[in-house]
Amino acid sequence: MAIAVEPSATRSGGRTPRPLATHELPPFAEIARAHLDRLYGFCVRLTSDPSDAEDLVQETLLRAMRAYGGLREPSRAKGWLFTIATNAWRDLARARGREVVTIPLNALDPDGDEFSLFQTIAIEDPFPYSDELHLDFLRLFRDDDIRAVFGSITPVFRMPLILTVVHGFSCKEAAAILEVPLGTLLSRLHRGRKQLERGLWDYAVSNGLVTTTDEERP
Amino acid sequence: MIDCREAVRRMWAYLDHELGARPVSEFEAHLETCQRCCGELEFSRHLREVVADKPGALPVPPELRSRIEILLANPNEPTEGPA
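It should be emphasised that the depicted structure is a prediction, and the values quoted were computed from it without experimental measurement.

As for the overall build of chain A
- Helix and strand content of chain A: 10 helices and 0 strands.
- Of the regular secondary structure in chain A, the N- to C-terminal order runs α-α-α-α-α-α-α-α-α-α.
- For chain A, the proportion of its 218 residues judged to be buried stands at 39%.
- Long-range pairs, those at least 24 residues apart, make up 70% of the contacts in chain A between residues at least 6 apart in sequence.

In structure tokens form, the structure reads like this:
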């Protein structure tokens, strides 16, 4: 099975840095410990299952350990580990007879792409006496609420959001980690954001965080 | 001149500094004439912060950490992988 190597180093189109000799790299354990909590957080979000996430972290580290000599830039170890984790998750899912979900574009909710949370809040006016309508809406959400909404986003659209917004990768880096063209990544990012917006609104309504114009106000 | 729909599509990329020079100038030209998109940009900025504020890192459960430490201490004997 091919092990992915640091995406930015191989796909940027620029001069490819030579691999460091193994003796120039810090010990693998040092790299692993430095990124462990972030890797675990990524795997939890990737798998949406703590038990699967634990398996995936171990598998990722096993693969990374074997491929460590191919790491070109230790400063980019996080992206390298995330790429390995993404590939390992695909392989684990396949081995269990589950394909990682991909959604054909024509199967998407055609209205989902047009939903605007900004506009919906303005129209529904859930806080009629507020001067900060939109900010008041965002203030309703606790960490658990955001996590629940995030979990409801289709994985293939959730991952670009997590990589770029939560983990701070550039779109180009996220595209390399997920092994998709940049245009695909940008399209998925947009759709993920739209699902996030709709998810926040639906969650607020279904959990009684807001009162809409369809409901009676006291 | 881009329309509101295109401006909204570019909004997060603009916030992420992922747009090229020309798309940025088209986007900013649109903002100069569109109060609604200015408001949505501000909202998107806050929404993005709400999401970005969630920690990417999660504490590794102690039992998993123990298994990993064993793995790291015995790099040549990685035996117990996932089922």
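Quick word on the overall build of chain B
- Helix and strand counts for chain B come out as 4 helices and 0 strands.
- Expressed as a percentage of the 83 residues in chain B, the buried residues total 18%.
- Long-range pairs, those at least 24 residues apart, make up 58% of the contacts in chain B between residues at least 6 apart in sequence.

Some thoughts on the interface of chain B and chain A
- Contacts between the two partners involve 29 residues from chain B and, on the opposite side, 34 residues from chain A.
- Broken down by element, the side of chain B that touches chain A gets its largest block of residues, 9 residues, from helix H3 (residues 35-52) of chain B.
- Here the side of chain B that touches chain A is built from residues that sort into 18 nonpolar, 4 polar and 7 charged.

Some words on the packing of helix H9 (residues 171-178) of chain A against helix H10 (residues 182-206) of chain A
Residue and element names in this part refer to chain A.
- Between H9 and H10, the least distance of the axes is 9 Å, while the angle of their chain directions is 105°. When the interaxial angle is binned, H9 and H10 end up roughly perpendicular. Side by side, H9 and H10 meet where Cys171, Lys172, Ala174, Ala175 and Leu178 of the first sit next to Leu182, Leu185, Leu186 and Leu189 of the second.
- Residue composition of the contact of H9 with H10, grouped by class: 8 nonpolar, no polar and 1 charged.

Concerning the domain arrangement of chain A
Residue and element names in this part refer to chain A.
- The assigned domain composition of chain A is domain 1 (7-95) and domain 2 (105-206).
- Listed by partner, the interface residues are 12 residues for domain 1 and 9 residues for domain 2.
- Looking at the side of domain 1 that touches domain 2, the elements that each hand over two or more residues are helix H1 (7-11), helix H2 (28-47) and helix H4 (77-95).
- Taken together, the residues that form the side of domain 1 that touches domain 2 break down as 4 nonpolar, 5 polar and 3 charged.

Some details on the packing of H4 of chain A against H9 of chain A
- Running from N to C, H4 of chain A and H9 of chain A cross one another at 35°; their axes reach a closest spacing of 8 Å. Taking contact as the criterion, the partners of Gly79, Phe82, Thr83 and Thr86 of chain A in H4 of chain A are, on H9 of chain A, Glu173, Ile177 and Leu178 of chain A.

Focus: the environment of Ala64 of chain A
All names here are of chain A.
- Mapping Ala64 onto the fold places it in helix H3 (residues 50-67).
- Taking the C-alpha atoms as reference points, Ala64 and Leu92, separated by 28 residues in sequence, lie 16 Å from one another.
- The residues contacting Ala64, other than those within four sequence positions of it, are Leu81 and Ile84.

With respect to the nonpolar core
- Leu39, Cys43, Leu81 and Ala85 of chain A are the most contacted members of the largest nonpolar core, which has 55 residues in total.
- The residues that make up this core include at least three from each of domain 1 (7-95) and domain 2 (105-206) of chain A.
- When neighbours within four sequence positions are excluded, Leu81 of chain A is seen to be in contact with His35, Leu39, Thr60 and Ala64 of chain A.
- Counting 7 residues, the second largest nonpolar core, distinct from the first, contains Val8, Trp12, Cys37 and Leu41 of chain B.

Details of the environment of His134 of chain A
- Looking at the element boundaries, His134 of chain A is found in helix H6 (residues 133-139).
- Spatially, the C-alpha atom of His134 of chain A lies 9.6 Å from that of Gln119 of chain A, the residues being 15 residues apart in sequence.
- For His134 of chain A, the contacting residues outside a window of four places in its chain are Phe118 and Ile121 of chain A together with Phe43 of chain B.

Here is what the cut-offs are and how they apply
- Residues numbered from 1 in each chain as written.
- Chains lettered and ligands numbered in written order.
- Predicted model: local features only at pLDDT ≥ 70, side-chain atom pairs only at ≥ 80, totals over all residues.
- Helix = DSSP H or I, 4+ residues; strand = E, 2+ residues; numbered from the N terminus.
- Buried ≥ 20, exposed ≤ 12 C-beta atoms within 10 Å, placed from the backbone.
- Contact = placed C-beta atoms within 7 Å.
- Nonpolar A, V, L, I, M, F, W, Y, C, P; charged D, E, K, R; others polar.
- Axes fitted to C-alpha atoms, helices over the stretch in contact; angles between N-to-C directions.
- Parallel < 35°, antiparallel > 145°, perpendicular 65-115°, else oblique.
- Domains from an automatic or database assignment.
- Core = buried A, V, L, I, M, F, W, Y, C linked by C-beta atoms within 7 Å.

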